[in-house]
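Examination of the molecular architecture
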Amino acid sequence: MVTVLLVVAILLMIGIGMRLIHLLNAQHDARIASYQFGDTPPAFRRRSHKHHGRAHTASPPPTDGTKSP
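Nothing here was measured: the structure is a model prediction, and the numbers come from that model.

1. Some details on the overall build of the chain
Across its full length, the chain carries one helix and zero strands. Counting across all 69 residues of the chain, residues that qualify as buried make up 0%. When the accessible area of the chain is evaluated, it comes to approximately 7400 Å², of which 65% is carbon and sulfur surface.

What follows is the structure, given as structure tokens:
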């Protein structure tokens with residue numbers, strides 16, 4: 001009788017452990033699915049190569065001989 005109870009207790013513990021592992025894996029899968037691995041973090045993105053030259057000033061210098069404000 002003690003052996004039967006021991007076997008039942010062991011099987012019950014195995015079942016509880018399997019259920020716990022299953023719930024943890026489901027939670028982990030949901031967390032991975034919400035994270036986008038394909039996106040590069042902002043600090044590692046390459047700069048755009050559209051603007052090759054000096055930075056533009058707010059206004060071009062006047063051509064009529066007056067000083068700019």
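2. Observations concerning a nonpolar patch on the surface
The grouping of Leu-6, Val-7, Ile-10, Leu-11, Ile-14 and Met-18 at the surface amounts to a nonpolar patch, some 600 Å² of accessible area in total. Within the element layout of this structure, Ile-14 appears in helix H1 (residues 2-34). Owing to a relative accessible area of 46%, Ile-14 belongs among the partly exposed residues under this scheme.

Parameters at a glance
- Residues numbered from 1 in each chain as written.
- Predicted model: local features only at pLDDT ≥ 70, side-chain atom pairs only at ≥ 80, totals over all residues.
- Heavy atoms only, no water.
- Helix = DSSP H or I, 4+ residues; strand = E, 2+ residues; numbered from the N terminus.
- Buried < 20%, exposed > 50% of the residue type's maximum accessible area, 1.4 Å probe, protein only.
- Areas by Shrake-Rupley, 256 points an atom, 1.4 Å probe, with all protein chains shown as cover.
- Patch = residues over 30% accessible without salt bridge, like charges linked within 9 Å, V, L, I, M, F, W, Y side chains within 5 Å.
- Salt bridge = Lys/Arg side-chain N within 4 Å of Asp/Glu carboxyl O.

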